[in-house]
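Letter by letter, the chains look like this.
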Amino acid sequence: MSSEYIETKAIRTQIERSQFLEHSSPLYLTSSYIFDDAEDMRASFADEKKRNIYSRYSNPNTSEFVEKVCLMEGAERGYAFASGMSAVFSTFAALLNAGDHILSCRSIFGSTQTLFNNILPKWNISTSYFKIEESDLIENVIQTNTKVIYAESPTNPAVDILDLQRIGDLAKKHNLLFIIDNCFATPYLQQPIKFGADLVIHSATKLMDGQGRVLGGVTVGTEDLIQKIYLFSRNTGPALSPFNAWVLSKSLETLPVRVDRHCDSALKIATFLETHENVNFVKYPFLKSHPQYELAKQQMKLGGSIIAFEIKGGIEAGRQFLNSIKLLSLSANLGDTRSIVTHPASTTHAKIPESIRLETGITAGLIRISVGLEHPEDIIKDLKQALET
Ligand SMILES: *Cc1c(COP(=O)(O)O)cnc(C)c1O
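Residues numbered from 1 in each chain as written. Predicted model: local features only at pLDDT ≥ 70, side-chain atom pairs only at ≥ 80, totals over all residues. Heavy atoms only, no water.

- Identification of the protein as O-succinylhomoserine sulfhydrylase from Winogradskyella bathintestinalis is taken from an unreviewed UniProt entry.
- Entered under Cofactor (unreviewed entry) in the UniProt record, the comment concerning the protein runs "pyridoxal 5'-phosphate". (UniProt positions renumbered as here; feature names shortened; annotations may be inferred.)

## Quick word on the overall build of the protein
- Along the backbone of the protein there are 15 helices and 12 strands.
- Its C-alpha atoms give the protein a radius of gyration of 21 Å, within 12% of the compact-globule value 21 Å for 389 residues.
- Viewed in the frame of its principal axes, the protein has a C-alpha envelope of about 75 × 55 × 35 Å.
- The buried share among the 389 residues of the protein stands at 56%.
- Intrachain contacts of the protein at a sequence separation of at least 6 include 72% that bridge at least 24 residues.
- Accessible area of the protein: about 17,200 Å², with a carbon and sulfur share of 52%.
- Distance between charge centres in the protein, computed from 39 positive and 44 negative side chains, equals 2 Å. (Helix = DSSP H or I, 4+ residues; strand = E, 2+ residues; numbered from the N terminus. Rg over C-alpha atoms; globule rule 2.2 N^0.38 Å. Buried < 20%, exposed > 50% of the residue type's maximum accessible area, 1.4 Å probe, protein only. Contact = heavy atoms within 4.5 Å. Areas by Shrake-Rupley, 256 points an atom, 1.4 Å probe, with all protein chains shown as cover. Lys, Arg positive; Asp, Glu negative; His and termini not counted. Charge placed at Lys NZ, Arg CZ, Asp CG, Glu CD.)

## Describing the site of the ligand
- Neighbouring residues of the ligand: Ser83, Gly84, Met85, Phe109, Glu152, Asp181, Cys183, Phe184, Ser203, Thr205, Lys206 and Gly216.
- For the ligand, an oxygen atom lies 2.8 Å from a polar atom in the backbone of Gly84.
- Within the shell around the ligand, the residues separate by chemical class into 4 nonpolar, 5 polar and 3 charged. (Near = heavy atom within 4 Å. Polar contact = N/O pair within 3.5 Å; in protein donor to acceptor, adjacent residues only side chain to side chain. Nonpolar A, V, L, I, M, F, W, Y, C, P; charged D, E, K, R; others polar.)

## What about the packing of aromatic side chains?
- Per the counting criterion, the structure on display carries 10 aromatic pairs.
- One aromatic cluster is present, built from ring pairs that chain together Tyr79, Phe81 and Tyr230.
- A cation sits over an aromatic face here: Arg77 above Tyr230, 5.2 Å from the ring centre. (Phe/Tyr/Trp six-rings, centres within 6.5 Å; stacked < 30°, edge-to-face > 60°. Lys NZ or Arg CZ within 6 Å of the ring centre and 35° of its normal.)

## Some details on helix α2 (residues 38–45)
- Every buried residue of α2 is listed here: Asp40, Ala43 and Ser44. Considered in projection along α2, the buried side chains sweep an arc of 100° and stay on one side of the axis.
- Where α2 begins, the capping side chain belongs to Asp37, and its oxygen is found 3.2 Å from the backbone nitrogen of Glu39.
- Among the residues trailing α2, Asp47 stands out with phi positive, at a value near 65°. (Arc of directions from axis to C-beta.)

## Considerations on the nonpolar core
- Counting 104 residues, the largest nonpolar core has Phe65 and Leu273 as its most contacted members.
- At 8 residues, helix α11 (residues 255–274) tops the list of elements feeding residues into this core.
- Residues from two domains meet in this core; each of domain 1 (6–252) and domain 2 (255–388) gives at least three.
- When residues no more than four places from it in sequence are discounted, the contact partners of Phe65 are Ala80, Ala204, Met208, Gly217, Val218, Leu240, Ala245, Leu248, Ser249 and Leu252.
- Core analysis: the second largest hydrophobic core is formed by 7 residues, Val159, Cys183, Ala308 and Leu334 among them. (Core = buried A, V, L, I, M, F, W, Y, C linked by side-chain atoms within 4.5 Å. Domains from an automatic or database assignment.)

What follows is the structure, given as structure tokens:
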């Protein structure tokens with residue numbers, strides 16, 4: 001039975017049962033698959049049959065995970081990777097040629113920025129950046145060799161919101177691929193394909209796993225683009241392990257209820273932070289004070305699990321705040337059951353020149369919280385005592 005609801009899709013999408021009639025999908029730890037005879041083997045290798053050949057190409061657990069993400073995102077097809085970064089890298093490596101140009105939002109995940117700045121240039125693929133405020137002016141910076149517009153929304157770590165429909169329309173008008181990293185929102189909160197995205201990438205390590213256990217990544221989109229990514233990947237080997245695929249597919253069953261709670265707690269905590277005298281400002285998409293509040297309401301179901309706020313007193317106050325935290329974890333991950341706090345200016349983004357940091361909203365006192373599933377009152381209590389130390 002098919003359903004229009006994402007909750008049901010996430011639970012009732014399942015690979016065929018084995019002869020044991022198990023209720024929950026088993027784990028298929030196998031690197032290869034057998035053939036009935038010479039003709040079966042020939043036809044399989046000739047791509048005349050859709051079947052598993054080798055787990056670098058496909059595996060039942062990986063297929064189940066990918067199928068769920070496709071249904072949740074409204075995509076035709078996908079391929080699953082060992083990590084979010086292997087999804088990002090393989091997507092670009094499969095689709096771009098030497099001489100091509102990427103137009104990317106300035107605020108993107110750190111390793112993606114390193115890929116664009118230091119790695120893709122080895123193959124003469126260049127990138128230029130636009131700021132959130134300039135997304136209306138993208139047309140002015142499109143080059144004759146531009147192939148892709150790339151963005152994340154909400155952005156990391158400043159939680160800005162991009163107008164996906166507007167960028168999607170511009171991409172279509174100029175015949176460019178529009179690729180979105182939808183990791184912060186998850187398909188439960190936002191489905192970029194509705195706004196014109198050709199491909200959607202996820203680090204499944206974050207909210208899809210949601211419990212800080214495994215790495216994974218996935219790219220979903222149109223049949224023709226995924227076919228290119230599939231052929232690239234089946235020969236270069238960034239495949240997701242069956243075990244991680246099994247974990248991630250189980251995790252997707254609870255994604256909607258988990259994300260509901262993450263967002264509910266995040267809004268409570270953001271509202272608390274806004275009233276605190278040692279806080280200059282709070283950025284959370286579903287707070288009325290967020291500069292793109294109306295846009296966030298249009299394109300997202302809820303505000304997400306990430307809050308950014310600026311503590312009074314700059315770098316030193318930020319470091320002091322981290323040192324005073326008792327319950328929350330100091331960690332680089334996000335989208336975990338355990339709440340996590342980071343101070344980008346002195347840690348994850350310390351190597352980036354200050355002028356560029358400020359362009360992406362990373363002020364000296366900016367703190368990022370990934371709101372977990374502990375009771376929100378405990379999270380508020382910890383933040384309050386750290387703000388007052
Ligand atoms: C974590 C993250 C990635 C990279 O994913 P890994 O699974 O760590 O490789 C990419 N994009 C965003 C937005 C992320 O948060």
